[in-house]
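# Survey of secondary and tertiary structure
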Amino acid sequence: MNDSPSTQAALQVTIPSDRGPIAALFHDCEPAHGTVLTVAGLSGGFDGPANGLYGDLADALSQRNIALLRLDYRIKRTGPIDDGTSDVLAGIHWLQQRDRGPVLLVGHSYGGAIVVRAGLRSSAVAGVAALATQTAGIEDVAQLSPRSLLLIHGLADDRLPPGLSHAVHARAREPKSLHLLEGVGHSLREQPDAVRSLLLNWCDETLPALEPPPPSTGGMTEGTASPAPPT
């Protein structure tokens, strides 16, 4: 019988980088076989689109034995795309040091381009989800393959029109998927449940299920607890 995952409350962490400290919220779980790393649009923050989508993912991801790192940019609104990419790569490195498994990246708007760029630069990334993404800076998206690409865009987005995600999808190689949501604007707040379901289904498809522990061959205990990651 499998032990249910143990969810920890969000831990405020500071991730070091060559360009300065990066604020993040870490929802760890034991055991974990992967991590979702999220970033927002140009204004930054931890919550993301669709009425605070990123925080809402924590419990559902934990039930899948997946940790969550919500990262905030050092430089907001006018941050160069290379700075945002560097922040995400620093977050990936921080997770690798804690052995939290392969990483799925999720970004909204400007953050969509950031996570594609970071995915191209890190072998730890298993997949990238770009929500209402821009196209600037991700002309090399075809090189993301064979890692998974998920694109979600609202058909009523008047800030970054859905044709941008169409263009990214056309340029990318398999595995890739594009989901267009009727009546949904740039913030994706009109259909938060649909966006959440698409992301969770993609996580299930992209990260392999955690294998159950082998049966005990002796003694009175059914298993041993995994050591906590260093802080």
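Anything mentioned here points back to the structure above.
Residues numbered from 1 in each chain as written. Predicted model: local features only at pLDDT ≥ 70, side-chain atom pairs only at ≥ 80, totals over all residues. Heavy atoms only, no water.

### Quick word on the overall build of the protein chain
When its secondary structure is counted, the protein chain shows five helices and ten strands. Counting only residues that meet the buried cut, the protein chain has 51% of its 231 residues in that class. Of the contacts formed within the protein chain by residues at least 6 apart in sequence, a portion of 70% connects residues at least 24 apart. A total of about 10,900 Å² of accessible surface is found on the protein chain, and carbon and sulfur atoms cover 50% of it. (Helix = DSSP H or I, 4+ residues; strand = E, 2+ residues; numbered from the N terminus. Buried < 20%, exposed > 50% of the residue type's maximum accessible area, 1.4 Å probe, protein only. Contact = heavy atoms within 4.5 Å. Areas by Shrake-Rupley, 256 points an atom, 1.4 Å probe, with all protein chains shown as cover.)

### Observations concerning the packing of aromatic side chains
Counting across every chain of the model gives two aromatic pairs. On the numbers, 5.1 Å between centres and 85 degrees between planes, the contact of Phe-26 with Trp-94 is edge-to-face. On the criterion of sequence distance, the pair formed by Phe-26 in strand E3 (residues 22–27) and Trp-94 in helix H2 (residues 81–97) is long-range, its members being 68 residues apart. Of the two residues examined, Phe-26 and Trp-94, each falls in the buried class. With a centroid separation of 5.5 Å and an interplanar angle of 75 degrees, the aromatic rings of Tyr-73 and Tyr-110 are classed as edge-to-face. Taken as a pair, Tyr-73 in the loop between strand E6 (67–71) and H2 and Tyr-110 in helix H3 (residues 110–121) lie far apart in primary sequence, 37 residues in all. (Phe/Tyr/Trp six-rings, centres within 6.5 Å; stacked < 30°, edge-to-face > 60°.)

### Describing helix H5 (residues 192–206)
The end-to-end C-alpha distance of H5 is 21 Å, a good match for the 21 Å that 15 residues give at a rise of 1.5 Å each. Within H5, the full set of buried residues consists of Val-195, Leu-198, Leu-199, Leu-200, Trp-202, Cys-203 and Thr-206. Structurally, H5 contributes buried residues whose contacts are with strand E5 (35–39), helix H1 (49–62), strand E7 (103–108), strand E8 (125–131), strand E9 (148–154) and strand E10 (176–181). (Expected span 1.5 Å × (residues − 1).)

### Re the pairing of E8
The element E8 is largely enclosed, with a buried count of six among its seven residues. Pairing between E7 and E8: six bridges, direction parallel. Residue pairing across strands places Leu-104 opposite Gly-127, the latter belonging to E8. Taken together, E7, H3 and E8 form a β-α-β motif whose crossover is right-handed. The pairing of E8 with E9 spans five bridges and is parallel. Along E9, the bridge assignment pairs Ala-129 with Leu-150. (Pairing = 2+ DSSP bridges. Right-handed = clockwise from strand over helix to strand, strands pointing away.)

### Section: the environment of Arg-19
For Arg-19, the position within the fold is in the loop between strand E2 (11–15) and E3. Sequence separation between Arg-19 and Ala-90 is 71 residues; the distance between their C-alpha atoms is 9.6 Å.

### So, unusual backbone geometry
Omega for the bond connecting Ser-145 with Pro-146 falls within 30 degrees of zero, at 15 degrees, which places this linkage in the cis form. At the junction of Glu-174 and Pro-175, the peptide bond is cis and its omega measures out at 0 degrees in the coordinates. By secondary structure assignment, the location of Pro-175 is in the loop between helix H4 (163–171) and E10. The residue Ala-50 is not glycine, and still its phi comes out positive at about 55 degrees. Relative to the elements of secondary structure, Ala-50 occurs in helix H1. One non-glycine residue with positive phi stands out, namely Asn-51, at about 60 degrees. Examined against the element boundaries, Asn-51 turns out to sit in helix H1.

### Quick look at the pattern of salt bridges
Following the criterion strictly, the structure yields nine salt bridges and no others. The shortest N-O distance in the salt bridge between Glu-30 and Arg-100 comes to 3.5 Å. In this pair, Glu-30 sits in strand E4 (residues 29–30) while Arg-100 sits in the loop between H2 and E7, placing the two residues 70 residues apart along the sequence. Judged by its relative accessible area of 18%, Glu-30 is buried. Among the salt bridges present, the one from Lys-76 reaches Asp-72, with a minimum N-O distance of 3.2 Å. You can call Lys-76 partly exposed: its relative accessible area is 34%. (Salt bridge = Lys/Arg side-chain N within 4 Å of Asp/Glu carboxyl O.)

### What to know about the packing of H1 against H5
Taken N-terminus to C-terminus, the directions of H1 and H5 make an angle of 40 degrees; their axes are 10 Å apart at the nearest point. If you check the angle between H1 and H5, you find them oblique. In the packing of H1 onto H5, the handedness of the crossing is right-handed. Residues Ala-50, Asn-51, Leu-53, Asp-56, Leu-57, Ala-60 and Leu-61 of H1 form the contact with H5, whose own contacting residues are Pro-192, Val-195, Arg-196, Leu-199, Leu-200 and Cys-203. (Axes fitted to C-alpha atoms, helices over the stretch in contact; angles between N-to-C directions. Parallel < 35°, antiparallel > 145°, perpendicular 65-115°, else oblique. Left-handed = near helix turned anticlockwise from the far one by under 90°.)

Geometry only, nothing functional implied.
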